[in-house]
Amino acid sequence: MTRRIIHHPVLDRIDETDTVSFTFDNKKYKALRDESLAAALLANGIRTLRHHEEFGTPRGIYCNIGHCFECRVTVDGVQGVRACLTPIQEGMDVTSGDKLLTSVRDWRANNE
Amino acid sequence: MIICRCEEVTYGELVETADKYGCSPRELKLRTRAGMGYCGGRTCRNAVDSIAHSSTKRDVSQITLKYQPPIRPISFSKLGGVGNND
């Protein structure tokens with residue numbers, strides 16, 4: 001838990017004691033309550049939140065303010081949840097998106 | 001270099017398509033899918049627009065690339081799926 005900025009010169013001190021646990025891809029992690037899911041995963045050293053549906057390239061936080069949807073994950077079964085905007089709650093089950101089985105981008109290329 | 005992150009369209013692809021067909025921005029979007037991704041073109045809209053206009057003059061009668069509804073991606077279940085068809 002040392003990767004967070006605890007004593008920020010401007011913002012007030014972060015309360016490190018109020019931790020919750022959540023699972024990401026079936027592994028248990030610790031995070032601070034009401035921290036954004038993206039920040040919690042980053043603090044635990046996880047930068048790859050999903051893989052591109054078509055090409056499988058790893059994707060993670062990009063805009064961190066809810067515009068780009070690069071950080072979308074599945075939380076408790078709900079898809080397309082933006083990790084950067086979702087506050088952490090106790091016992092959240094988060095799974096990352098993976099490459100889809102079939103390519104849907106250019107059907108003519110492999111269907112003609 | 002990737003211009004459109006959601007569809008992984010590279011700068012080379014865009015310039016090559018724009019020069020080959022002399023496209024307007026909308027046509028460039030239709031040909032390369034740049035701007036059709038999950039984020040609704042927020043990241044790459046301006047880049048696609050300016051790449052298209054580097055090879056063809058701006059035609060003001062054409063509709064520009066813009067945000068299309070739904071403004072944010074929405075799941076079909078929210079639109080009236082079982083359980084929340086209020």
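Look up a bit, the structure's there.
Let's talk about the overall build of chain B
Counting its secondary structure elements, chain B contains 3 helices and 2 strands. For chain B, whose C-alpha radius of gyration is 15 Å, the value lies well above the compact-globule estimate of 12 Å for 86 residues. When the backbone C-alpha atoms are referred to their principal axes, chain B occupies close to 50 × 30 × 15 Å. Every one of the 86 residues in chain B was classed for burial, and the buried ones make up 34%. By sequence separation, contacts in chain B at least 24 residues apart represent 51% of the contacts at least 6 residues apart.

Description of the nonpolar core
In this structure, Phe22(A), Leu37(A), Ile88(A) and Val94(A) are the most contacted members of the largest nonpolar core, which totals 20 residues. Mapped by element, the contributors of at least two residues to this core are β1 (19-24), β2 (27-32), α1 (37-43) and β5 (72-75) of chain A. Sorting elements by how many residues they give to this core places α1(A) first, with 4 residues. Setting aside residues no more than four positions away along its own chain, Val94(A) makes contact with Phe22(A), Thr23(A), Phe24(A), Asp25(A), Leu37(A), Val73(A), Thr74(A) and Val75(A). In this structure, Ala18(B), Cys23(B), Ala52(B) and Leu65(B) belong to the second largest nonpolar core, which totals 15 residues.

Things to note about the sheet that holds strand β7 (residues 93-95) of chain A
Residues and elements named next belong to chain A. Spatial ordering of the open sheet is given by β2-β1-β7-β5-β6, a layout of 5 strands whose pairing is mixed. Each having just a single partner strand, β2 and β6 (78-82) make up the two edges of the open sheet. Across the sheet, the mean angle separating the axes of adjacent strands is 40 degrees when strand polarity is ignored. Bridge count for β5 against β6 is 3 bridges, and the pairing is antiparallel. In the strand pairing of β6, Val-75 is matched with Val-78.

Digging into the environment of Asp34(A)
Residue and element names in this part refer to chain A. With respect to the helices and strands, the residue Asp-34 is situated in the loop between β2 and α1. Between the alpha carbons of Asp-34 and Ile-88 there is a distance of 4.9 Å; along the sequence they are 54 residues apart. Not counting the four nearest positions on each side in its chain, Asp-34 is found in contact with Pro-87 and Ile-88.

Overview of the interface of chain B and chain A
Where interface size is given, it is often the accessible area lost as the parts come together that is meant. Each partner contributes residues to the interface: chain B has 14 residues there, and chain A has 14 residues. Surface buried jointly by chain B and chain A totals about 1,200 Å² across both partners, of which 47% is contributed by carbon and sulfur atoms. Per-residue buried area on chain B facing chain A is highest for Arg5(B), Glu8(B) and Tyr38(B); these three make up 49% of the total on that side. Across the contact surface, chain B and chain A share 2 salt bridges. Glu8(B) is the salt-bridge partner of Arg59(A), the closest N and O atoms lying 2.8 Å from each other. On inspection of chain B and its partner chain A, the count reaches 5 residue pairs in polar contact (both at pLDDT 80 or more). Its residues placed into classes, the side of chain B that touches chain A shows 5 nonpolar, 2 polar and 7 charged.

Parameters at a glance
Residues numbered from 1 in each chain as written. Chains lettered and ligands numbered in written order. Predicted model: local features only at pLDDT ≥ 70, side-chain atom pairs only at ≥ 80, totals over all residues. Heavy atoms only, no water. Helix = DSSP H or I, 4+ residues; strand = E, 2+ residues; numbered from the N terminus. Rg over C-alpha atoms; globule rule 2.2 N^0.38 Å. Buried < 20%, exposed > 50% of the residue type's maximum accessible area, 1.4 Å probe, protein only. Contact = heavy atoms within 4.5 Å. Core = buried A, V, L, I, M, F, W, Y, C linked by side-chain atoms within 4.5 Å. Pairing = 2+ DSSP bridges. Axes fitted to C-alpha atoms, helices over the stretch in contact; angles between N-to-C directions. Buried area = accessible area lost by both parts, 1.4 Å probe. Salt bridge = Lys/Arg side-chain N within 4 Å of Asp/Glu carboxyl O. Polar contact = N/O pair within 3.5 Å; in protein donor to acceptor, adjacent residues only side chain to side chain. Nonpolar A, V, L, I, M, F, W, Y, C, P; charged D, E, K, R; others polar.

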